[in-house]
2 protein chains.
Amino acid sequence: MKSSKMNKRRKFIPAQVIVTYYFIAIAVSVVLLRLPGVHKPGVEVDFIDSLFTAVSAVSVTGLTSLNISETYSVFGYVMLILILQLGGIGIMSLGTFIWLISGKKIGLRERQLIMIDHNQSNLSGVVYLIKEIVKILLLIQIVGAVLLTLYFTEYFDTFKQAFMHGVFTSVSATTNAGFDITGQSLIPYHNDYFVQIITSILIVFGAIGFPVLIEVKEFLSNKNKSFRFSLFTKLTTITYGILLVFGTVMIYLLEMFNSFKDMPWHEKFFSAFFHSVSTRSAGLTTVDVTLFNEGTTFFMSALMFIGASPSSVGGGIRTTTFAIAVLFLINFSRGKTNIQIFNREIHLIDIFRSYAVIILALIMVSMATILLTITEPTLTITQIIFEITSAFGTCGMSLGITNELSNIGKVTIMILMFIGRVGLISFLFSLGGKSNQTKYHYPKERVIIG
Amino acid sequence: MKSSKMNKRRKFIPAQVIVTYYFIAIAVSVVLLRLPGVHKPGVEVDFIDSLFTAVSAVSVTGLTSLNISETYSVFGYVMLILILQLGGIGIMSLGTFIWLISGKKIGLRERQLIMIDHNQSNLSGVVYLIKEIVKILLLIQIVGAVLLTLYFTEYFDTFKQAFMHGVFTSVSATTNAGFDITGQSLIPYHNDYFVQIITSILIVFGAIGFPVLIEVKEFLSNKNKSFRFSLFTKLTTITYGILLVFGTVMIYLLEMFNSFKDMPWHEKFFSAFFHSVSTRSAGLTTVDVTLFNEGTTFFMSALMFIGASPSSVGGGIRTTTFAIAVLFLINFSRGKTNIQIFNREIHLIDIFRSYAVIILALIMVSMATILLTITEPTLTITQIIFEITSAFGTCGMSLGITNELSNIGKVTIMILMFIGRVGLISFLFSLGGKSNQTKYHYPKERVIIG
Ligand SMILES: [K+]
Ligand SMILES: [K+]
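Everything in this summary refers to the structure shown in the same document. Note that the structure is a prediction, hence the values are computed from the model and not measured.

Overview of the side chain of B:T175
Part 1: In this structure, B:T175 sits in the loop between α8 (159–174) and α9 (193–207).
Part 2: Not counting residues up to four positions away in its chain, the partners in contact with B:T175 are B:V60, B:L84, B:Q85, B:Q141 and B:V313.

Quick look at the structure:
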């Protein structure tokens, strides 16, 4: 411990760079959201609500203490779209760029996080990767916007209206921001499976993680005959898929006699499926989630707590963290302390990381919950837990309480959105400094556990 | 994985012995609770409620689906006291005895769990240890019963009444069972700080862990000049103390303007203190906990989830598990993967164990919560979470819903009480078989976490 304190904070580490970028992005966003003409005529917005919207947009969470469609002008929508790019695409590609320019100073660990098995350890490789990230994400958004705009001409009188909704919905879905300009999320499209399928696909593209997209592209392009998917891609994709299916089944079962009871089976299915997709990190909804029963909201809180893939536009503890925890439990109960999967072995350090992330997340979410029961005495604990896990998972679903929060409540939610988006590992390392293994050892002694 | 499946279940392992003992103890208890004369005249009890009481008593939880004072006769009380000894003292001393008679077959690990640093690795040492456990726990109960009986003569008209309440309260507190024959826990004594202090001391003696008691006795007897407290004793005692103080402060703050608002400060303090003590595992209450606000009940649910010391009469994930999780997080955020404390280093296997216990506990408690939201549609999720963590932590506090539970609900609570008391490590090992490290290795590959 002593040696740890002495070495602390000597070097500016990549995790601190990301956190700093985030603060700057939030500051820029607040300025953008206070520009003249951003609001609809006659609308006044408190500073804390602009800040809240900025944090929510940069962290692509989508919780808002005001009604976007009633507050912001078309110019305001454009600003929001820009901010969503800063938050969604920005964090990964700018982060990569920063790692690039810090050159040899950065450790192997961070390089591996970017390069994941691409054998691109040189400068051009990193530039290529950033370009790919931006290109792929923008391409997905454009395709989504074109499809939705064309389709929305049936819903809206003018092409301008359809275009505005098409673009905003596409950006909001792909960046998993979950903002809406309908005033009621995607509830107007609760019977429209085309809109739901398109937005679901966009959401998954955003939340599945950049490395997965790049590897799939590489796989499809067939340039590299010896290509194999990385362990990360396999693990996160399968976990994402399992959570998606499990979530759909559970929400279907939990709501079939409740809020879904008057729906035909296909609408029940799509309602369950869409909200399972959405809890990964998008936060868009097609039904009024306040009608869900407490079991469903608790279950969805757990899904939001888990969140999306790392290196995606999502938040939470992340799919891989959850997967490693479960795999570890299964292996440990069989008497093994290592995890072997897909003919690979998980590194010990990643088991440690997943443990640290889960404990920190649990402590944060529990403490925030108890704090909000004090500061928001009119709210139920179900509403509070849902709001908090939604913020931490940068999901943005709400039981309709965001605008009722006290200022302490709003600040708490902002901090959770921020940490959820930055990621707990980056957050931890930005606090704690570099790896700092003690060189001396004490005698080991067993204690009784569990 | 293949080699794991092949080796599984070849040997009868100590953890399975404990589980088996527990099943037998429950069966014996059901028989005792169905004896003629056990119930008050004219009272009929369903089999599931006798089973529920038996499981609750053997696991010293104290949740009851019926009112003890209205249901059982004095003979029934005596049976309950016997069952509490089977569950409280029985699990540790009989477990030790079983380990003893299995002799050389048992591994070093289990021996260490019993012997913890006592340098008593021979037969006579183990016999001595069992005798000590029984002796110390019975002595504590007798001293408590004498003090409370003498004091209760002020409350009751007859000495017989005072004696009955004194003995039952002492046994119920020391074994942390939390059963009561007043019909309203210790609420009749909410102004009586003597009763609260005595019961708190008895509760702590039961919940602090047998190794701590034995080491303190050894320390006080001064026989061994080179005596030092084990890492386990230091860790669990300090964690227990921190949780006690933190719990008292938090309950005081959370309830000072709510259910405690009309109390003088000393009654506020004692109410907070007693329920902090009680959430470790006792489950006795001095105020109506249904009046607590949702923040307090959620906080107390977290405390009950953590539970008491290992090798005690309590349940939950256990203090040491929680302590190691927090210490690991602190160390990991400083870049260290080992935990050094009190000039000792925590074994890697114990870090692994704490991780497995926490993940399994979270999954179990979450799944049980969602199940009960389905089977008990009239209950709030706050009531359900409180009941479930109370069962898992073998605490036995309830928001008054135990007798309203459906049969599925009762069975769920019984399973949680059973697993909570047996302990997740024993439970895991009884499922999974012996340590079974794979001999071959795959290449290691990093994944992105959190
Ligand atoms: K979102
Ligand atoms: K108890």
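Details of the packing of helix α11 (residues 231–255) of chain A against helix α13 (residues 294–306) of chain A
Residues and elements named next belong to chain A.
Part 1: Look at α11 against α13: their axes get within 10 Å of each other, and the N-to-C directions meet at 165°. The orientation of α11 relative to α13 falls into the category roughly antiparallel. The crossing of α11 and α13 is left-handed. Contact residues: α11 offers L243, F246, G247, M250, I251, L254 and E255, while α13 offers G295, T296, F299, M300, L303 and I306.

What about α13(A)?
Residues and elements named next belong to chain A.
Part 1: If you check α13, its first and last C-alpha atoms are 19 Å apart, about what 13 residues at 1.5 Å a residue would give, namely 18 Å.
Part 2: Judged by how many residues are buried, α13 sits mostly within the fold: 11 of 13 residues are covered.
Part 3: Among all positions of α13, only G295, T296, T297, F298, F299, M300, S301, L303, M304, F305 and I306 are buried.
Part 4: Sitting at the head of α13, N293 places a side-chain oxygen 3.1 Å from the backbone nitrogen of G295.

Thoughts on the coordination of the potassium ion (ligand 1)
Residue and element names in this part refer to chain A.
Part 1: Around the potassium ion (ligand 1), the protein contributes the donor atoms V60 (O), T61 (O), N176 (O), A177 (O), S281 (O), A282 (O), T394 (O) and C395 (O), at 2.3 to 3.2 Å from the metal centre.
Part 2: Summarised as a motif, the one-chain spacing of the donors to the potassium ion (ligand 1) is V-T-x114-N-A-x103-S-A-x111-T-C. Residue T61 is located in the loop between α3 (47–58) and α4 (68–71), and its partner A282 is located in helix α12 (residues 265–282); the two are separated by 221 residues in the primary sequence. Summarising the burial analysis for this pair, T61 and A282 share the class buried.

Considering the pattern of salt bridges
Residues and elements named next belong to chain A.
Part 1: Taken as a whole, this structure holds 2 salt bridges over all chains when the rule is applied.
Part 2: A salt bridge links D49 to K410; the nearest nitrogen and oxygen atoms lie 3.0 Å apart. Highlighted residues: D49 in helix α3 and K410 in helix α17 (residues 407–422), separated in sequence by 361 residues. Of the two residues examined, D49 and K410, each falls in the buried class.

Thresholds applied
Residues numbered from 1 in each chain as written. Chains lettered and ligands numbered in written order. Predicted model: local features only at pLDDT ≥ 70, side-chain atom pairs only at ≥ 80, totals over all residues. Heavy atoms only, no water. Helix = DSSP H or I, 4+ residues; strand = E, 2+ residues; numbered from the N terminus. Contact = heavy atoms within 4.5 Å. Axes fitted to C-alpha atoms, helices over the stretch in contact; angles between N-to-C directions. Parallel < 35°, antiparallel > 145°, perpendicular 65-115°, else oblique. Left-handed = near helix turned anticlockwise from the far one by under 90°. Expected span 1.5 Å × (residues − 1). Buried < 20%, exposed > 50% of the residue type's maximum accessible area, 1.4 Å probe, protein only. Polar contact = N/O pair within 3.5 Å; in protein donor to acceptor, adjacent residues only side chain to side chain. Donors = N, O, S within 2.8 Å, 3.2 Å for Na, K, Ca; no water. Salt bridge = Lys/Arg side-chain N within 4 Å of Asp/Glu carboxyl O.

From the geometry alone we can't say anything about function, so treat these as descriptive.
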